[in-house]
Protein chains: 2
Amino acid sequence: MSPASLFMIDASHDPALRSWVAGAHTPDTDFPIQNLPLGMFRPAGSSALLRPGVAIGDRVIDLLAAVQAGVLTGAAADALQGTEAGTLNPLMDRGAAGRRALRTALSAALAEGSAAQAALQPCLHALDAVELGLPCRIGDYTDFYTGIHHATTVGQLFRPDNPLLPNYKWVPIGYHGRASSIRASGHAVVRPHGQIKGPNDEVPVYAPTRRLDHELEVGVLIGGGNALGEPIAIEQAEDHFFGLVLLNDWSARDVQAWEYQPLGPFLSKSFASTISPWIVTPEALAPFRAPFGRPAGDPQPLPYLDSAANRAAGHIDLTLEVWLQTAQMRADGLPHERLMASNFTDAYWTLAQLITHHTSNGCDLGSGDLLGSGTLSGPDPKQGGSLLELSLGGKQPLTLANGEQRTFLQDGDSVLLRGHCARPGAVRIGFGACEGRVLPAHQRG
Amino acid sequence: MSPASLFMIDASHDPALRSWVAGAHTPDTDFPIQNLPLGMFRPAGSSALLRPGVAIGDRVIDLLAAVQAGVLTGAAADALQGTEAGTLNPLMDRGAAGRRALRTALSAALAEGSAAQAALQPCLHALDAVELGLPCRIGDYTDFYTGIHHATTVGQLFRPDNPLLPNYKWVPIGYHGRASSIRASGHAVVRPHGQIKGPNDEVPVYAPTRRLDHELEVGVLIGGGNALGEPIAIEQAEDHFFGLVLLNDWSARDVQAWEYQPLGPFLSKSFASTISPWIVTPEALAPFRAPFGRPAGDPQPLPYLDSAANRAAGHIDLTLEVWLQTAQMRADGLPHERLMASNFTDAYWTLAQLITHHTSNGCDLGSGDLLGSGTLSGPDPKQGGSLLELSLGGKQPLTLANGEQRTFLQDGDSVLLRGHCARPGAVRIGFGACEGRVLPAHQRG
């Protein structure tokens, strides 16, 4: 991880840069020309293979069509080889080089005055006419626990006498998650059944969860892995960082409380996870890097988790939000209501530290692997990244603007995660939607 | 899971059935004609794509060559479509039907007196001239904790006051494992580094593990998955059971002790797992099914984990063994020495219960997914399936026949898992080797 590459602000970040694509510079767009996130799409309602695309304004560029049209050539075209199979993994295998070649070519072709406008115009589709799938095949999914405010609050609920365990400030705590049940934004979530045993129950029952919750997380996608047995030093960790997505780690709290000891959460999480479909790249995030440090009195990271570049710019200043829309709100034409906001810098460890720690035993990461940040709550109790926190373990319901109350999620509720980076002197970039709606549990015997 | 299909003993199990393949009926072969396990091989030292094969005696049958030779036709040939890509997943997607068609055809073609002998002979390779790879692409790996004797003993070491937690006899406890670092037998294991903090250390260090261990497990491979949101009822669970392998869940106990709370084992396990390369099928295991029941006083499984067929024949009577060869023994020409033996019936839950529980929240399983049993120790302390148990947490070294002692594994040690099924009136079948040798840790700063 060289500071140079993290801070590499080039013409593609110029706030004065504008695109000829209509809608690319409306004040609230997530996808100005400075962003150019990568995803996989197909025409809505079709069952065609997913195709690689880049979002700009309210449009998606069909990248393979742009190659065929002669707009993307050379390294930018080579970078897409293999993605016609329906996944970005071949591009991710190429690490930073392919991704940067694509960005450079697209930034030029989409800029006002580009000679490529006429050829590229037919490669654009309206975002609301396409379906977005998983951007890549996720081989392994690891969920970390870097949200120290979340860990402390939840620790108090599960272990009142022992909220933050002694290892927390030394080890980037994490566990393996379930890769198969990850879906892109828009996929509904069936309320899961599970074994539940209340504090006053003699025996557990198999029943639909009564404490369904969301978790606000950032997902780090890996591009280019390491060989088994070969750790990635922290100086090289960001070479394997392909991009970020938003991640909702849906959780069934009653199932979790009964099952999680001694090996950790399992079926309380594996029924569904939702990610935003657009991968926001390290290049787009370059203007928003932030320093990493430890509060006074906390231990410094062990040497294998420490580097000058990580201290200087290991964090990313990314605002995160959870929004909720109930079935009643939808029926009444009310939009989603914001429940809270926090920031990726609320994480106790940086993404480079997660990559390095994960491989510190020789474990092999591969392109498309997903590392979750863990729930990112802010320091204020109102900044809880889950309902478990916002409702104090279900004891204190939230009251919404329309008077409805929530402790945990009800059938019909839609949870929407949003994220954006902004600072003076840079164009705001966003992550798009990470949304899922709760469907009623199936009837079971 | 119909009792009929579990107990389906047909001509392919006839103890009088013999093959024309030399070596198929030596007294100690793992691979008589009654077994016919499936795997993926290539010529030793080559980098060719893996090819599907079946082991018999000391030979492997090249199945695609057998199709080309006209020996496998119809449903047996169709079942192999797609496996030329280097993995058995396409065959596993077909569930039981393809696998059974293959077995029926091979059993006939390999029997003494078969007219196919001349055509099939050129499709045989010596097992010692081939390299065996992973039989399938493992999408997700879940490790359960069904060894109640292991759970009790280890629980006493980690939580003396609370060895077996209240959920153990109700919930098939499990957690997500790391799929990427699973390798086939014969792949060496580099001693991993990790964060370690001894009871008297003020701060942790990053250093090679000093408590490297093996775990004796059975791996259940899935054939044909379920859709997300659609649990598999226990009556159908064995329809998704494609076969068994042996599994060594290598563990770094010092790393585990420091990292595992509150989310479970992570880097203490993810540096390597080893499986035996031959998938022993439900058809081969049919004569060895055994009843499932609960000791007096233990709770009965909840209804979703209970069925008449599971009670009648949910277990498999499979003897399991751990063997050790030190570098010194190897230098002295001494073979592996047996450390212990246990049985798959020592598991507290059956494989059908694991499949059903895993999907009980709607989690989707896919072909090639691996479910580990957890460490299978017997009821006697000498039957510990790990060195952690056999050495009482490192306090009491084992003394080997040559006088060497072990608490945990030393560099150069080779751990060999073996397994076999035997009973009067049936031909003994075996699982082949699940072996891995410990290499010294890399030098790190």
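Residues numbered from 1 in each chain as written. Chains lettered and ligands numbered in written order. Predicted model: local features only at pLDDT ≥ 70, side-chain atom pairs only at ≥ 80, totals over all residues. Heavy atoms only, no water.

Student: Explain the overall build of chain A here, please?
Tutor: Broken down by element type, chain A carries 13 helices and 26 strands. A compact globule built from 445 residues would reach a C-alpha radius of gyration of about 22 Å, and chain A, at 22 Å, matches this within 12%. Its C-alpha atoms give chain A principal-axis dimensions of about 70 × 55 × 40 Å. Every one of the 445 residues in chain A was classed for burial, and the buried ones make up 63%. (Helix = DSSP H or I, 4+ residues; strand = E, 2+ residues; numbered from the N terminus. Rg over C-alpha atoms; globule rule 2.2 N^0.38 Å. Buried < 20%, exposed > 50% of the residue type's maximum accessible area, 1.4 Å probe, protein only.)

Student: Sorry, what's going on with the interface of chain A and chain B here?
Tutor: Much of the literature gives interface size as the accessible area that the parts lose upon coming together. Opposite the 60 residues of chain A that make contact, chain B presents 60 residues. Here chain A packs against chain B, burying approximately 5,500 Å² in sum over the two surfaces, 60% of which is carbon and sulfur. At the junction of chain A and chain B, the tally comes to 6 salt bridges. A salt bridge links Asp 140 of chain A to Arg 178 of chain B; the nearest nitrogen and oxygen atoms lie 3.5 Å apart. Run the count over chain A and chain B and you get 29 residue pairs in polar contact (both at pLDDT 80 or more). Going through the elements one at a time, strand E6 (141-144), strand E7 (174-177), strand E10 (193-196), strand E11 (205-208), helix H8 (253-259) and helix H12 (351-359) of chain A are the ones with two or more residues in the side of chain A that touches chain B. If you tally residues by element for the side of chain A that touches chain B, the top one is E7 of chain A, at 4 residues. Here the side of chain A that touches chain B is built from residues that sort into 30 nonpolar, 21 polar and 9 charged. (Contact = heavy atoms within 4.5 Å. Buried area = accessible area lost by both parts, 1.4 Å probe. Salt bridge = Lys/Arg side-chain N within 4 Å of Asp/Glu carboxyl O. Polar contact = N/O pair within 3.5 Å; in protein donor to acceptor, adjacent residues only side chain to side chain. Nonpolar A, V, L, I, M, F, W, Y, C, P; charged D, E, K, R; others polar.)

Student: How do you make sense of the pairing of strand E24 (residues 414-421) of chain A when you look at a structure like this?
Tutor: One face of the sheet, then the other: side chains in a regular strand alternate in exactly this way. Residue and element names in this part refer to chain A. The element E24 is extensively covered by neighbouring structure, given that 7 of its 8 residues are classed as buried. Pairing geometry for strand E19 (residues 319-325) and E24, over 7 bridges, is antiparallel. Residue pairing in the sheet places Thr 319 in a bridge with His 420 of E24. Looking at chain direction, E24 and strand E26 (residues 434-439) are connected through 4 bridges and run antiparallel. Residue Val 415 lies in a different strand from E26, and its bridge partner there is Gly 436. Of the strand pairs in this sheet, E24 and strand E25 (residues 429-430) are connected by 2 bridges, and their pairing is antiparallel. From the neighbouring strand, His 420 faces E25, where its bridge partner is Gly 430. (Pairing = 2+ DSSP bridges.)

Student: Mind showing me how you'd approach the UniProt feature "binding site: Mg(2+)" (unreviewed entry) in chain A here?
Tutor: Residues and elements named next belong to chain A. UniProt's entry tags Asp 249, Lys 269 and Ser 273 with the feature "binding site: Mg(2+)" (unreviewed entry), counted in the numbering of this structure. Separation in sequence by 25 residues is not matched in space for these annotated residues, since their most distant C-alpha atoms are only 7.6 Å apart. Since its relative accessible area comes to 8%, Lys 269 is described here as buried. Residue contacts for Lys 269: discarding those within four places in its chain leaves Tyr 175, Glu 215, Asp 249, Trp 250, Ser 251, Arg 253 and Gln 256. Within polar-contact distance, the side chain of Lys 269 engages the side chain of Asp 249 at 3.2 Å. Relative to the helices and strands, Ser 273 is located in strand E16 (residues 273-275). (UniProt positions renumbered as here; feature names shortened; annotations may be inferred.)

Student: So what exactly am I meant to see when it comes to the packing of aromatic side chains here?
Tutor: Two descriptors summarise a pair of aromatic rings, namely the distance from one centre to the other and the angle between the planes of the rings. Considering all chains together, one arrives at 12 aromatic pairs over all chains under this definition. Among the aromatic side chains, those forming a connected cluster through ring pairs are Tyr 145, Tyr 168, Tyr 348 and Trp 349 of chain A. Its guanidinium or amino end placed over the ring of Phe 242 of chain B, Arg 99 of chain B lies 5.0 Å from that ring's centre, counting from NZ or CZ. (Phe/Tyr/Trp six-rings, centres within 6.5 Å; stacked < 30°, edge-to-face > 60°. Lys NZ or Arg CZ within 6 Å of the ring centre and 35° of its normal.)

Student: Looking at this structure, how should I read the sheet that holds strand E13 (residues 216-222) of chain A?
Tutor: Strands belonging to one sheet form pairs held by backbone hydrogen bonds; the direction of such a pair is parallel or antiparallel. All names here are of chain A. Sheet architecture is open: 7 strands sit in the order E7-E6-E21-E13-E14-E16-E8, paired in mixed fashion. Strands at the two margins of the open sheet, each flanked by one partner only, are E7 and strand E8 (182-184). Neighbour-to-neighbour, the strand axes of the sheet open up by a mean angle of 30°, direction not taken into account. Strand direction decides the pairing type here: E13 and strand E21 (residues 370-372), joined by 3 bridges, are antiparallel. Bridging from a neighbouring strand, Gly 219 pairs with Gly 372 of E21. Of the strands in this sheet, E6, E13, strand E14 (241-248) and E21 are in contact with H12, which crosses E6 at around 120°. (Axes fitted to C-alpha atoms, helices over the stretch in contact; angles between N-to-C directions.)

Student: When you look at the sheet that holds strand E1 (residues 38-43) of chain B in this model, what are you seeing that I'm missing?
Tutor: Residues and elements named next belong to chain B. With antiparallel pairing, the 5 strands of this open sheet are ordered in space as E4-E3-E2-E1-E5. With partners counted over all chains shown, the strands left at the sheet margins are strand E4 (124-126) and strand E5 (130-132), one partner each. Strand-to-strand twist in this sheet, taken as the mean axis angle between neighbours without regard to direction, amounts to 45°. The pairing of E1 with strand E2 (residues 51-56) spans 4 bridges and is antiparallel. Looking across to E2, one finds that Met 40 is bridged to Pro 52.

Student: Would you mind showing me how to read the environment of Gly 194 of chain B here?
Tutor: Residues and elements named next belong to chain B. The topology assignment puts Gly 194 in strand E10 (residues 193-196). Spatially, the C-alpha atoms of Gly 194 and Gly 74 are 53 Å apart, while their sequence positions differ by 120 residues. Excluding its chain neighbours within four sequence positions, the residues that come into contact with Gly 194 are Val 205, Tyr 206, Ala 207 and Val 255.

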